[in-house]
Amino acid sequence: MQAIVLTTFGGPESLELCDVPKPVPRAGQVLVRVHATSINPLDYQVRRGDYSDLVPVPAITGHDVSGVVEAVAPGVTAFAPGDEVWYTPQIFEGPGSYAEYHVAAESIIGKKPASLSHIEAASLTLVGGTAWEALIVRAALRVGESILVHGGAGGVGHVAIQLAKAVGARVLTTVREANFEFARSLGADVTIDYTKEDYVDAVMRETAGRGVDVVFDAIGGNTLSRSPDTLAQLGRVVTIVDTAQPQNVMQAWGKNASYHFVFTRQNRGKLDELSALVERGQLQPHVGAVYSLADIPLAHARLESRNNGVQGKIAIAVDRRLKL
Ligand SMILES: NC(=O)c1ccc[n+]([C@@H]2O[C@H](COP(=O)([O-])OP(=O)(O)OC[C@H]3O[C@@H](n4cnc5c(N)ncnc54)[C@H](OP(=O)(O)O)[C@@H]3O)[C@@H](O)[C@H]2O)c1
């Protein structure tokens, strides 16, 4: 089969298109023909060597699968050949999705929503599972509450806005002015251009000094330190960015704030929850660009560059019959 192999840690040129053996499913596993995958920051972080202790090279990376079941091993009961499925491969555990075939445990696989194409479905598994875990499971966002979504035009951010609206929350988001219309089309109530004004001042202005109930941190940097300045009493900060930057959270005490650190976990339950929202028309992944399997190095360079003009996700058409 064809796969993009990370031969050594480094720049996008470290990703090479190779012919490698097709994987064989063991007991409880499913062999899937991958139709589409997508690009996530985790992929270029792995490629650079940020997780070299967890991902030895050579390695096949990639963290989104949408495809069709080719074969099932003994013990599999929920799926059969021909089923359309979607999932996030176990992170840091074995080959990823940058390949024509992938093998995964039945327990982490979900039935692909019928209303999504493979390109769209592959653009939602990781970012959707992450936003669900952060906003619904950990921050427990409630009807009528308010949330500040950092990075609202990005992969996770554009899903977080839609989930927060599906819950019935008021959504404020930090995006460049060029993405104001996009963020509002997703349901954002307030858009803040973080390159033009201090988001803390903007949030306090837009909430009449009360602050927001939840801050969703998808950008890192000093966000953990500054978040209390945007929070209401008993507010929650939920972060998905493992930043090593030292933080000063002294202000958190005054707000009786709580912090949640999320590293997304793979399970079918979340996929089924996302699928229900998709089928109800409350969640739609936005695909900002599509590349071929062979052009994954170009897609990496694009995602890694700031202000890259991509709204939502960069998807990869693994099946050469899929339109770019
Ligand atoms: N813990 C987990 O389980 C988990 C899961 C998924 C992702 N993540 C992490 O979450 C982060 C976001 O992932 P993603 O897929 O959403 O990435 P992405 O698609 O690259 O989106 C990031 C967005 O943030 C915007 N941005 C950058 N700096 C900003 C700032 N200071 N204020 C406001 N917006 C800013 C970027 O836009 P501009 O650059 O154009 O402004 C871009 O739209 C990454 O660090 C990723 O590793 C963690």
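Peer 1: Just checking my understanding: could you explain the packing of aromatic side chains for this structure?
Peer 2: Here a ring pair, both rings aromatic, is described through the centre-centre distance and the interplanar angle of the planes. Under the definition given, this model contains three aromatic pairs. Ring centres 4.9 Å apart and planes at 45° place the aromatic pair Tyr 51 and Phe 92 in the tilted group. Here Tyr 51 is found in the loop between helix H1 (41-48) and strand S4 (65-72), whereas its partner Phe 92 is found in the loop between strand S5 (84-87) and strand S6 (101-105), with 41 residues between them in sequence. In this structure Tyr 51 comes out as buried when scored by relative accessible area, which is 15%. On the basis of relative accessible area, Phe 92 is assigned to the partly exposed category, the value being 23%. Centroid distance Tyr 259 to Phe 261: 6.5 Å. Interplanar angle 20°. Geometry classified as stacked. Since its relative accessible area comes to 21%, Tyr 259 is described here as partly exposed. Put simply, the rings of Tyr 51, Phe 92 and Phe 263 pair up and form one aromatic cluster. Above the face of the Tyr 101 ring, Lys 22 is positioned so that its terminal group lies 4.4 Å from the ring centre.

Peer 1: What exactly am I supposed to notice about the domain arrangement of the chain here?
Peer 2: Interface extent is often summarised as the accessible area lost during association of the parts. For the chain, the domain assignment lists domain 1 (2-124 + 285-317) and domain 2 (127-261). Between domain 1 and domain 2, the C-alpha centre-to-centre distance is 28 Å. When domain 1 packs against domain 2, the two sides together hide about 920 Å² of surface, and 46% of this comes from carbon and sulfur. Its largest share of buried area at the contact with domain 2, domain 1 owes to Leu 124, Gln 311 and Gly 312, together 44% of the area lost on that side.

Peer 1: Where do I start with the site of the ligand in this structure?
Peer 2: In the vicinity of the ligand lie 22 residues, with Arg 176, Tyr 194, Ile 240, Thr 264 and Arg 306 positioned nearest. The contact in question runs from an oxygen atom of the ligand to an N or O atom on the backbone of Gly 154, over 3.4 Å. Take Gly 155: an N or O atom from its main chain is 2.9 Å from an oxygen atom of the ligand. Taking 920 Å² as the accessible area of the ligand by itself, protein coverage stands at 81%. When contributions to the shell around the ligand are tallied by element, the ones reaching two or more residues are H1, helix H3 (125-138) and helix H4 (155-167). The residue inventory of the shell around the ligand, partitioned by class, reads 12 nonpolar, eight polar and two charged. Shared between two domains, the shell around the ligand takes at least three residues from each, and those domains are domain 1 (2-124 + 285-317) and domain 2 (127-261).

Peer 1: Whenever I open this one, the environment of Asp 19 confuses me. Can you help?
Peer 2: Of note, Asp 19 is situated in strand S2 (residues 15-19). Along the chain, Asp 19 and Ala 99 lie 80 residues apart, while their C-alpha atoms are 9.6 Å from each other. In contact with Asp 19, not counting residues within four places along its chain, are Met 1 and Gln 2.

Peer 1: Before we go on, may I ask you to explain the nonpolar core in this structure?
Peer 2: Within soluble globular proteins, side chains that are nonpolar tend to cluster in buried spots. Core analysis: the biggest nonpolar cluster contains 81 residues, and Tyr 87, Leu 135, Ile 147, Leu 163 and Phe 216 have the highest contact counts within it. With seven residues, H4 is the largest single contributor of residues to this core. Residues lining this core come from more than one domain, with at least three contributed by each of domain 1 (2-124 + 285-317) and domain 2 (127-261). Judged by nonpolar contacts, the second largest core, of 13 residues, contains Leu 148, Leu 172, Ile 192 and Leu 231.

Peer 1: Whenever I open this one, the pattern of salt bridges confuses me. Can you help?
Peer 2: Side-chain pairs of opposite charge can arise where the charged atoms are in close proximity. With the rule as written, the count across this model stands at 17 salt bridges. In this structure, Glu 133 engages Lys 270 in a salt bridge whose closest nitrogen and oxygen atoms are separated by 2.6 Å. A residue pair is termed long-range when its members are at least 10 positions apart, and Glu 133 in helix H3 and Lys 270 in helix H9 (residues 268-279) qualify at 137 residues. Overall, Glu 133 belongs to the buried group, its relative accessible area being 2%. Under the relative-accessibility criterion, Lys 270 is labelled buried at 8%. Via salt bridges that share partners, Arg 47, Arg 48, Asp 50 and Glu 304 belong to a single interconnected network.

Conventions and cut-offs
- Residues numbered from 1 in each chain as written.
- Predicted model: local features only at pLDDT ≥ 70, side-chain atom pairs only at ≥ 80, totals over all residues.
- Heavy atoms only, no water.
- Phe/Tyr/Trp six-rings, centres within 6.5 Å; stacked < 30°, edge-to-face > 60°.
- Helix = DSSP H or I, 4+ residues; strand = E, 2+ residues; numbered from the N terminus.
- Buried < 20%, exposed > 50% of the residue type's maximum accessible area, 1.4 Å probe, protein only.
- Lys NZ or Arg CZ within 6 Å of the ring centre and 35° of its normal.
- Domains from an automatic or database assignment.
- Buried area = accessible area lost by both parts, 1.4 Å probe.
- Near = heavy atom within 4 Å.
- Polar contact = N/O pair within 3.5 Å; in protein donor to acceptor, adjacent residues only side chain to side chain.
- Areas by Shrake-Rupley, 256 points an atom, 1.4 Å probe, with all protein chains shown as cover.
- Nonpolar A, V, L, I, M, F, W, Y, C, P; charged D, E, K, R; others polar.
- Contact = heavy atoms within 4.5 Å.
- Core = buried A, V, L, I, M, F, W, Y, C linked by side-chain atoms within 4.5 Å.
- Salt bridge = Lys/Arg side-chain N within 4 Å of Asp/Glu carboxyl O.

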